[in-house]
Amino acid sequence: MEASMFNDILQKKTKTIERIIRSFLPEEKGYQKTVIEAMNYSVTAGGKRLRPLLMEETFRLFGGKDEDLPLLEPFLAAVEMIHTYSLVHDDLPAMDNDEYRRGKKTTWNVYGQAMGILAGDGLLNFAFETALQALEFCSGTNREYLTTVPAPEYNLQRLTRALVILTKKAGIYGMIGGQTADIEAEQQEGALEPEQLLFIHEHKTASLIQASMMIGAVLAGVADEETVQAVEKCAYDIGIAFQIQDDILDVVGDVEELGKPVGSDALNHKQTYVTIHGLRQAEKDVEVLTDEAIGILESFGGDNDFLKELLLSLIHRRK
Ligand code: GRG
């Protein structure tokens, strides 16, 4: 696929995702208005929308149909809300103490620390409230009448499976677990073991990418465990490659393009894939992981042209 064609399609798809995410955002009203404003400020501050894009593309790869979009769309928004909450909390003074992200002031920097914490909490909780809106589709009616109209088994099964994946990958066995290990690693005196760093990258970064792709597959109707596990492995490779690239960009990236300071890892004496394995090896490993991910994608069959280009664009990304 030519670069200009890929960029056009990417732009169009990102716009659609953007519209879907915004359609699920809460209304800014009531005595809790400030926290809702802070939540919406964080979600609409920009970002590549990579996780929903991966979810939708995996859904399509496995033959997901337009008529099932009301089941998928709440999850597209939910995963971005969870991703955004993680960034909002990660930027807090108690964690990374970052004042800028995506070229804008961080949430706590605009609304204060207490609202920063609450906006993150609010987004995490609201993500599940949003995902549960898919129940309306399962029942074929408004959720207030759920008890009176039996929901088709098949839809409920897919929804439940997607929720199990999302809760697990975002929690202590997923992203929160990875962030915990990362924070402790920062205080560690000696060098990190390569497996320790891999644990951090797998859980902090790959988990939510895995959730996105696995949910896309499950909601498209993939039922066998073996295929879901292959999707999980493919997303693992993508997640690790993406994080290594993030570490690389902190060394060779451009502040204008990234919308955040570069060299912050070195400044904070943070051990990263680059400091442990060196820049050359890091670049090589990104290529190897991406090739492996593409190999798994190809084994699924189906139209994967755009998804493949998306993966390649991630390893060549500048932001
Ligand atoms: C606070 C529980 C908790 C977790 C925080 C996501 C995270 C875990 C920390 C952010 C810092 C970081 C480098 C995470 C690795 C994943 C990563 C590269 C996130 C940035 O994702 P992008 O590039 O961001 O998709 P945009 O801005 O495009 O949405």
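Details of the structure are given in the entry above.
Residues numbered from 1 in each chain as written. Predicted model: local features only at pLDDT ≥ 70, side-chain atom pairs only at ≥ 80, totals over all residues. Heavy atoms only, no water.

(A) Fine view of the overall build of the chain. Scanning the chain for helices and strands turns up 16 helices and two strands. Taken over C-alpha atoms, the radius of gyration comes to 19 Å for the chain, in line with the 20 Å a tight globule of 319 residues would show. Referenced to the eigenvectors of the C-alpha coordinate spread, the extents of the chain come out at roughly 60 × 50 × 40 Å. By residue count, 48% of the 319 residues in the chain fall in the buried class. When the accessible surface of the chain is split by element, carbon and sulfur atoms take 53% of a total near 15500 Å². Within the chain, one finds 31 positive and 51 negative side-chain charges whose respective centroids are separated by 5 Å. (Helix = DSSP H or I, 4+ residues; strand = E, 2+ residues; numbered from the N terminus. Rg over C-alpha atoms; globule rule 2.2 N^0.38 Å. Buried < 20%, exposed > 50% of the residue type's maximum accessible area, 1.4 Å probe, protein only. Areas by Shrake-Rupley, 256 points an atom, 1.4 Å probe, with all protein chains shown as cover. Lys, Arg positive; Asp, Glu negative; His and termini not counted. Charge placed at Lys NZ, Arg CZ, Asp CG, Glu CD.)

(B) A look at the nonpolar core. By size, the foremost hydrophobic cluster in this structure holds 69 residues, and its most contacted members are F75 and I215. Counting residues per element, this core draws most heavily on helix α4 (residues 69-90), at eleven residues. Those residues in contact with I215 that lie beyond four places of it in its chain are M55, F75, A162, I165 and L166. (Core = buried A, V, L, I, M, F, W, Y, C linked by side-chain atoms within 4.5 Å. Contact = heavy atoms within 4.5 Å.)

(C) Structural context of the packing of aromatic side chains. This model, assessed by the stated rule, comprises three aromatic pairs. Judged by centre distance (5.7 Å) and plane angle (65°), the rings of Y41 and Y111 are edge-to-face. Of this pair, Y41 sits in helix α2 (residues 33-43) while Y111 sits in helix α5 (residues 107-111), and the two are 70 residues apart along the sequence. For Y41, a relative accessible area of 21% translates into the label partly exposed. One Lys or Arg, K13, reaches over the ring of F306 and ends 5.0 Å from the middle of that ring. (Phe/Tyr/Trp six-rings, centres within 6.5 Å; stacked < 30°, edge-to-face > 60°. Lys NZ or Arg CZ within 6 Å of the ring centre and 35° of its normal.)

(D) Broad picture of the packing of α4 against helix α9 (residues 175-187). In contact at an axis separation of 12 Å, α4 and α9 are set at 20° when each is read in the N-to-C sense. It follows that α4 is roughly parallel to α9 by the angle criterion. Read as a crossing pair, α4 and α9 show a hand that is right-handed. For the pair α4 and α9, contact is made by I82, Y85, S86 and D90 and by M175, I176 and Q179, respectively. Looking at side-chain class alone, the contact of α4 with α9 contains four nonpolar, two polar and one charged residues. (Axes fitted to C-alpha atoms, helices over the stretch in contact; angles between N-to-C directions. Parallel < 35°, antiparallel > 145°, perpendicular 65-115°, else oblique. Left-handed = near helix turned anticlockwise from the far one by under 90°. Nonpolar A, V, L, I, M, F, W, Y, C, P; charged D, E, K, R; others polar.)

(E) Geometry of the site of the ligand. The environment of the ligand is made up of 17 residues, and the closest members are K48, R51, H83, R102 and Q243. Interatomic distance of 2.8 Å between a side-chain N/O atom of R51 and an oxygen atom of the ligand. Contacts to the ligand include R102, whose side-chain N or O atom sits 2.8 Å from an oxygen atom. Those elements giving two or more residues to the shell around the ligand turn out to be α4, α9, α10 (194-220) and α11 (225-252). Ranked by residue count, the leading element in the shell around the ligand is α4, at six residues. (Near = heavy atom within 4 Å. Polar contact = N/O pair within 3.5 Å; in protein donor to acceptor, adjacent residues only side chain to side chain.)

(F) Spotlight on a nonpolar patch on the surface. A grouping of I172, Y173 and I176 is seen on the molecular surface, where their side chains present a nonpolar patch of about 340 Å² in accessible area. Along the chain, I172 falls in the loop between α8 (153-170) and α9. (Patch = residues over 30% accessible without salt bridge, like charges linked within 9 Å, V, L, I, M, F, W, Y side chains within 5 Å. Salt bridge = Lys/Arg side-chain N within 4 Å of Asp/Glu carboxyl O.)

The values are spatial; any link to function lies outside them.
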